[in-house]
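# Secondary and tertiary structure notes
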Amino acid sequence: MMNSAFRNVHFTASRLINPKPFSSSILHFLPLCSGDVSHRRSNPLRHRNSVSPSSFSSFYIPMAGGDGQVSLSLEKQFENFRVQLEESAALREQIRAVVMEIESATRLIQANLVLVHQSRPIPEVIEKAKEKIVDLKKFYGRLAEILQKCPGQYYRYHGDWRSETQAVVSQLAFMHWLETGTLLVHTEAEEKLGLNSLEFGLETEDYLTGICFMSNDLPRYVVNRVTAGDYDCPRKVMNFLTDLHAAFRMLNLRNDFLRKKFDSMKYDLRRVEEVYYDVKIRGLISAGDQEIQGQS
Amino acid sequence: MLSCSSSAFQRVAFMLMAPKLKPQRLHQIAETGVEQLVKKARTMSTESSMKDAFSTYADYLNNFNEKRERVVKASRDITMNSKKVIFQVHRLSKDNKEEVLEKAGKDLEAVRDQHFAQLMRELQGTDFWKLRRAYSPGVQEYVEAATFYKFCLSGTLCTLDEINTTLVPLSDPSLEPLQINILDYILGLADLTGELMRMAIGRISDGEIEFAQRICQFVRQIHRELMLVVPKMDDSYDMKSKMEVMLQSVIKIENACFSVHVRGSEYIPLLGDDAPTSYLLGAAVVE
């Protein structure tokens with residue numbers, strides 16, 4: 001290919017001394033179907049406007065030039081790309097649709113959970129929330145199905161459900177803590193959502209971020225519980241959060257979003273400690289309770 | 001054992017302290033107390049159990065972050081050495097084409113054998129997509145170098161399939177070969193056009209007008225093909241700005257060809273780019 005170009009160099013150089021229209025050699029390179037060759041020669045700037053109209057998919061004119069074979073394989077490749085990328089764009093649309101459903105289920109759960117701040121009995125609140133968890137399980141199942149169409153590409157689309165999942169984890173963990181006073185661990189969270197780490201799992205970092213979000217809600221809960229007369233709550237939350245914070249300190253984090261969220265946990269802990277202190281010095285915690293404090 | 005009893009204690013304390021609870025509620029709580037103890041044993045409630053769980057998370061994060069660092073290092077190596085290939089190809093002129101391209105080809109092969117192979121070892125399975133941000137710049141640079149080299153060698157575009165075929169022999173037959181994905185390939189192509197623009201301007205200075213024209217045609221073709229593909233890409237935002245730059249490159253080449261065409265023997269190369277300034281091609285001697 002290049003040899004022909006080099007053969008032409010001498011020929012071209014001699015022409016330079018006596019410029020003639022390059023028409024014959026230019027046509028060799030330019031697309032035969034494109035009608036504005038003359039425009040290009042005289043005014044390259046006009047070419048800018050003439051590029052777009054011919055490229056809409058409905059009347060896309062393939063190029064056939066002197067390098068016939070080459071152009072064709074090049075076009076085929078890009079045609080291929082278009083098809084593949086359209087498929088992945090369509091997949092993304094499907095994913096977005098399901099994620100929006102996850103988001104609205106999450107909002108419904110949240111509307112329920114916030115009732116604990118108003119002293120609604122916990123079992124009742126949790127019952128209602130659990131109904132919505134069933135829906136969530138369904139939606140994640142649907143996501144897993146969609147992703148089976150493109151095996152191995154979980155992480156390509158993972159950003160599309162990352163923040164919603166973190167919110168879900170924080171809700172599940174909060175509910176779990178209300179029920180049991182303990183931390184919902186990663187594997188249990190995965191189970192609750194019907195996920196499994198082999199095909200479509202719960203990303204560890206999403207889990208950890210979700211736990212940090214849960215901790216963000218605890219100070220508010222404690223404050224409202226005390227207002228409602230539950231003076232034992234601050235101690236429990238404080239112990240829990242202290243343990244949680246200590247456990248988190250075992251992690252080596254990068255300076256990313258998770259790290260930021262972890263940093264905010266110490267402020268949550270501080271706030272809970274303050275509430276605990278307020279309650280304690282005013283003698284609101286009764287003697288029986290102080291005995292237990294010694295144990296935990 | 002101890003943990004069980006202290007949590008039982010807590011349960012009892014809660015029952016005693018809980019305000020406004022009616023007797024039947026207390027009964028309920030007592031009943032569910034057993035279930036909850038069982039649940040606790042299962043869900044690792046104590047401080048030490050929380051620490052156990054978190055030590056597994058710590059291990060996971062440590063391993064993954066270390067892997068990410070290795071991938072970033074491999075990617076940087078690929079970037080650096082691919083850039084060297086690009087600079088090597090730029091040294092091309094009509095006199096030394098063969099030697100320059102031969103060396104470039106060898107250097108490109110070295111990038112594959114040493115650095116790409118390293119990347120391959122790290123990216124098995126889902127890490128391919130999970131760590132994409134870490135290695136994408138390196139891969140893009142490699143695509144740029146490989147396509148630049150191929151164009152100067154044969155005047156054709158090295159397709160994605162062709163590039164991936166050269167990568168297959170690198171990996172252990174038992175491992176998945178590393179295949180460059182569409183997105184990184186297209187991003188690399190966008191950068192290729194910038195290098196071609198530099199080359200075109202440089203070739204014009206050397207008198208190789210036809211080579212420059214071939215480049216012009218080629219770059220136009222790529223720009224045109226990409227126009228339809230770009231909106232559907234995952235990171236179409238990055239790509240959109242690359243498309244604007246690409247168009248500027250096309251226009252620069254076209255303007256250079258225009259200058260050559262119009263000025264003929266008095267041709268002086270264009271200013272404003274970083275091509276080597278070998279001047280005055282065939283300057284007219286005014287008699």
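Please read all numbers here as calculations on a predicted model, not as lab measurements.

## Considering the overall build of chain B
A tally of helices and strands in chain B yields ten helices and zero strands. From first element to last, N terminus to C terminus, chain B shows the α and β order α-α-α-α-α-α-α-α-α-α. Evaluated residue by residue, chain B yields a buried proportion of 53% over its 287 residues. Taking the intrachain contacts of chain B between residues at least 6 apart in sequence as the baseline, contacts between residues at least 24 apart amount to 72%. Just so you have it, chain B exposes about 13800 Å², and 56% of that area is on carbon and sulfur atoms.

## With respect to the overall build of chain A
Secondary structure summary: chain A contains 13 helices and zero strands in total. Starting at the N terminus and walking to the C terminus, you meet the elements of chain A as α-α-α-α-α-α-α-α-α-α-α-α-α. Burial statistics for chain A: of 296 residues in total, 49% are counted as buried. Sequence-distant contacts, at least 24 apart, represent 69% of the contacts inside chain A between residues at least 6 apart. Summed over all atoms, the accessible surface of chain A reaches about 14900 Å², with 53% contributed by carbon and sulfur.

## As for the pattern of salt bridges
Across all of its chains, the model carries 31 salt bridges over all chains by this definition. A salt bridge links A:Lys130 to A:Glu179; its shortest N-O distance comes to 2.9 Å. Of this pair, A:Lys130 sits in helix 6 (residues 122–148) while A:Glu179 sits in helix 8 (residues 159–180), and the two are 49 residues apart along the sequence. A relative accessible area of 19% means that A:Glu179 is categorised as buried. One network of salt bridges, with partners in common, ties together A:Arg92, A:Arg96, A:Arg156, A:Asp160 and B:Asp234.

## Observations regarding the side chain of A:Glu190
Along the chain, the position of A:Glu190 falls in helix 9 (residues 186–192). B:Lys130 provides the closest opposite charge to the buried, salt-bridge-free A:Glu190, at an N-O distance of 11 Å. Setting aside its immediate chain neighbours within four residues, A:Glu190 contacts A:Leu195, A:Asn196, A:Ser197, A:Gly201 and A:Leu202.

## A short note on the layout of surface pockets
The volume enclosed by the second largest pocket comes to roughly 1000 Å³. If you trace the second largest pocket, you find 33 residues lining it, with A:Tyr155, A:His158, A:Arg162, B:Lys130 and B:Arg133 closest to the centre. The biggest single contributor to the lining of the second largest pocket is helix 6 (residues 132–154) of chain B, with five residues. Residue composition of the lining of the second largest pocket, grouped by class: nine nonpolar, six polar and 18 charged.

## Some words on the packing of helix 6 of chain B against helix 7 (residues 160–167) of chain B
All names here are of chain B. Running from amino to carboxyl end, helix 6 crosses helix 7 at an angle of 105 degrees, the nearest separation of the two axes being 11 Å. When the interaxial angle is binned, helix 6 and helix 7 end up roughly perpendicular. Residues Tyr142, Val143, Ala146, Thr147 and Lys150 of helix 6 lie in contact with helix 7, whose contacting residues are Glu162, Ile163, Thr166 and Leu167.

## Points about the domain arrangement of chain B
Residues and elements named next belong to chain B. Here the domain parsing of chain B yields domain 1 (66–180) and domain 2 (182–265). Here the C-alpha centre of domain 2 lies 21 Å away from the C-alpha centre of domain 1. Taken together, the contacts link 26 residues of domain 1 with 23 residues of domain 2. Carbon and sulfur atoms make up 65% of the area that domain 1 and domain 2 hide from each other, which totals about 2100 Å². There are one salt bridge connecting domain 1 and domain 2. Taking the shortest distance from any N to any O, the salt bridge between Arg132 and Asp184 comes out at 2.8 Å. Looking at the side of domain 1 that touches domain 2, the elements that each hand over two or more residues are helix 3 (47–90), helix 6 and helix 7. For the side of domain 1 that touches domain 2, the residue count by class is 15 nonpolar, eight polar and three charged.

Conventions adopted
Residues numbered from 1 in each chain as written. Chains lettered and ligands numbered in written order. Predicted model: local features only at pLDDT ≥ 70, side-chain atom pairs only at ≥ 80, totals over all residues. Heavy atoms only, no water. Helix = DSSP H or I, 4+ residues; strand = E, 2+ residues; numbered from the N terminus. Buried < 20%, exposed > 50% of the residue type's maximum accessible area, 1.4 Å probe, protein only. Contact = heavy atoms within 4.5 Å. Areas by Shrake-Rupley, 256 points an atom, 1.4 Å probe, with all protein chains shown as cover. Salt bridge = Lys/Arg side-chain N within 4 Å of Asp/Glu carboxyl O. Lys, Arg positive; Asp, Glu negative; His and termini not counted. 1 Å grid on protein atoms, 1.4 Å probe; cavity = no way out; pocket = protein on both sides within 12 Å on 5 of 7 lines; lining within 4 Å. Points joined across faces, edges and corners; volume = space filled by probe spheres on them. Nonpolar A, V, L, I, M, F, W, Y, C, P; charged D, E, K, R; others polar. Axes fitted to C-alpha atoms, helices over the stretch in contact; angles between N-to-C directions. Parallel < 35°, antiparallel > 145°, perpendicular 65-115°, else oblique. Domains from an automatic or database assignment. Buried area = accessible area lost by both parts, 1.4 Å probe.

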